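For reference, the chains in residue letters:
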Amino acid sequence: MVDFSNMPTMKGFFAPTRFEADVYDCEVIGKVPAELSGAFVRLGGDWLYPPKFDDDSPFSMDGYINMFRFKNGVVDYKGRWVKTPRYKADLAAHKQLFGKYRNPFTDDPSVKGLDRSVQNTTPLAFAGKLFTLKEDGLPYEINCNTLETIGPYNFHGKYKSLTFTAHPKVDPVSGEMICYGYEAEGLETNDVFLYTINKKGEVTRELRFKVPYVSMVHDISITKNYVIIPIFGFVSSMERLKEGKVHWGWDDTKPAMVAIVPRDGEAKDIRWFKGPSRATVHTLNAREEGNRVIFEAPIYDSNPFPFFPPIDGSKWDATKARAYIRRQTFNMNSKDDGFTEEKLFEMNVSDLGRVDDRYLTMPYRYAFTAYADKQRPFDEWKAGNLGGRVNNCYGRFDLATGKMNSYFAGDTHSLQEVCFVPRKNGAEGEGYIMGMASNYAELRSELIIADAQRLEEGDVGRVILPFRATAQVHGRWFDESELPFA
Amino acid sequence: MREAMNGPSPAKLPALLTRRAFARMLATATAAFAITSGKIALASAVPSIGSRAIVSFHMDQPYLDRTGTAVPYYRPAGARSAQSAGLLSEELFRRNFIYA
């Protein structure tokens, strides 16, 4: 028997949906720009069965992939579970068999040894294939037309890490993908395997190295010659797992560390820099200027995730769980391990920021991300009492001038991660922003499309779903040319 | 639950206070006040079906009705689907809806 009634947080808009769906020729308010041809693919999670433990992380939700297919000004929607071994085992047992986030010691004994990955983080199109990514397992290949799950993928056996990042980076100049796995040789190992994979999907390089302490390595940046790899206060241990805890705890005494790894170097060439306690979960971009590596990201002051609590028993501090767009500069000629840091904007933002990906590794001007503008109205009578606590705006942050342009979603809406869709052959920042809005008054989800250079004018179109879409972690736009769409 | 969200069904509502009825009651009350002295109150001149004051609207203006004859104002019937999350502490909210 499936029963979510005793889960106080899974109510209203946030109740599980648990169904697969197809909507052909979606309702549109406004218009869909005819030049948009491809798909906006979202990956996130939903609970097929309630979690075994109340204090588990939402990152344990079962993966759910959904796609808005744009063609000739018409949009079709399709949503499917990612049918992992874990999903199939739970469905067969009619209950949740898996325990806490990345802790197999809390699982039902019947699933010992089974792939635990829920595949709920980032969609990826590479070498003509669509994948789901989750950093505790291999990528899963997905049929880009049916969204049915094909299965785990290891790049013809050449990708040896047991895990694969949710945030590989594709070099827009070479077309190569820089990717990695951490805890690469198994649970609690301090190994990172870093790979270069060419645009045909062939592994061309592997570098193995160790991190100073086992920590979350969620995202990276690349420059022409380097890979920038931040690690920060999340810690784990086999003892911790055997005690039945979630994989990560927060250790405020651990310094934020950043590895600068030469793309064609060896492990001995890696430089580790140290800074104050920070949490760099997601990145924007990086570049080189002379002997300096310049890295920008929305960086949290401290632990952003209350479900990965402090290991010293102290209370999670909401006031430090704020991300600011920051610049960190690393002098590759320096003799010490310090680096400089600047806060580029005083307002806190969502750390799910995006740039025009054609400018990865290069100087760039614009970053896009969501933020909560408490000065904007929120109609609590229609939407419920959530004003000021959710992102209601997308911002275009001009790193050259310090100015910000803003799109407001409306007084009954919140916004998930923004995605930038460049106009073909357009200049940097020319194109559209796209992202999912939750309409709390109408109990439905809406895909926002706005001109990235005219955010104040509002959206040019909204694709309406007649239901709530599953929660998203990341969404990506894939052009018609990137995947073998029907 | 439905009633709490959207207000009582029309069958349970008191008779609609129209502009004409309102004017008629006002005239009655004024006349009563004019021909009597002392402690006659306006409210006593109009029929009352309850003692609870309600907020109502007349000509798009809100007012507090004590007569028991006006149609009470109910908020628009939005789904208010974020309400359950809005009641959570910041920690519980972030624990569950980190990327809401």
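Residues numbered from 1 in each chain as written. Chains lettered and ligands numbered in written order. Predicted model: local features only at pLDDT ≥ 70, side-chain atom pairs only at ≥ 80, totals over all residues.

Caption draft 1: Quick look at the overall build of chain B. Counting secondary structure elements, chain B contains four helices and two strands. For chain B, the N- to C-terminal ordering of α and β elements is α-α-β-β-α-α. The buried share among the 100 residues of chain B stands at 17%. Excluding contacts between residues fewer than 6 apart, the proportion of contacts in chain B whose partners are at least 24 apart in sequence is 28%. (Helix = DSSP H or I, 4+ residues; strand = E, 2+ residues; numbered from the N terminus. Buried ≥ 20, exposed ≤ 12 C-beta atoms within 10 Å, placed from the backbone. Contact = placed C-beta atoms within 7 Å.)

Caption draft 2: Up close: the nonpolar core. Residues and elements named next belong to chain A. Within the largest apolar cluster, 140 residues are counted, with the highest numbers of intra-cluster contacts made by I228, I433 and M434. It is strand β18 (residues 256–262) that contributes the most residues to this core, six residues altogether. Residues within four places of I433 in sequence aside, it is in contact with F368, Y394, Y407, V418, C419, F420, A450 and A452. (Core = buried A, V, L, I, M, F, W, Y, C linked by C-beta atoms within 7 Å.)

Caption draft 3: Structural context of the sheet that holds strand β13 (residues 203–210) of chain A. Residues and elements named next belong to chain A. A sheet is described by the order of its strands in space; here four strands give the open sequence β10-β11-β12-β13, paired in antiparallel fashion. Each edge of the open sheet is held by one strand with a lone partner, namely β10 (169–170) and β13. Where strand β12 (residues 191–197) and β13 come together, seven bridges link them in antiparallel fashion. Bridge pairing in β13 places L194 opposite L207. (Pairing = 2+ DSSP bridges.)

Caption draft 4: Broad picture of the interface of chain A and chain B. Facing the 32 residues of chain A at the interface are 24 residues of chain B. Listed by contribution, the elements that provide at least two residues to the side of chain A that touches chain B are α3 (380–383), β28 (413–422) and β32 (471–479) of chain A. Along the lines of polarity and charge, the residues of the side of chain A that touches chain B split into 19 nonpolar, eight polar and five charged. (Nonpolar A, V, L, I, M, F, W, Y, C, P; charged D, E, K, R; others polar.)

Caption draft 5: Summary view of the confidence of the model for chain B. Residue and element names in this part refer to chain B. Per-residue confidence for chain B gives a mean pLDDT of 69, with 48% of residues at or over 70. Counting contacts from residues 1–14, a segment whose pLDDT is below 50, to residues more than four positions away or on other chains yields 10 contacts. A low-confidence stretch, residues 37–49 (pLDDT under 50), is modelled with 20 contacts involving residues beyond four sequence positions or located in other chains. Two summary scores accompany this predicted model of the complex, namely pTM at 0.88 and ipTM at 0.86. (pLDDT = per-residue confidence, 0-100.)

Caption draft 6: Examining helix α1 (residues 85–93) of chain A more closely. Residues and elements named next belong to chain A. Buried within α1 are the following residues: R86, Y87, A89 and D90. The arc enclosing the buried residues of α1, seen along the axis, measures out at 165 degrees, which places them on a common side. Where α1 is buried, its residues meet β4 (62–71) and β5 (74–81). Where α1 ends, the next residue or the one after it, H94, has phi of about 60 degrees, a positive value. (Arc of directions from axis to C-beta.)

Caption draft 7: Geometry of the sheet that holds strand β15 (residues 226–231) of chain A. Residues and elements named next belong to chain A. Here four strands make up an open sheet; going across it, the order is β14-β15-β18-β19 and the pairing antiparallel. Of all strands in the sheet, those with a lone pairing partner are β14 (221–222) and β19 (271–275), marking the two edges. Pairing of β18 with β19, which is carried by five bridges, proceeds in the antiparallel orientation. Looking at the pairing, V258 lines up with F273 of β19.

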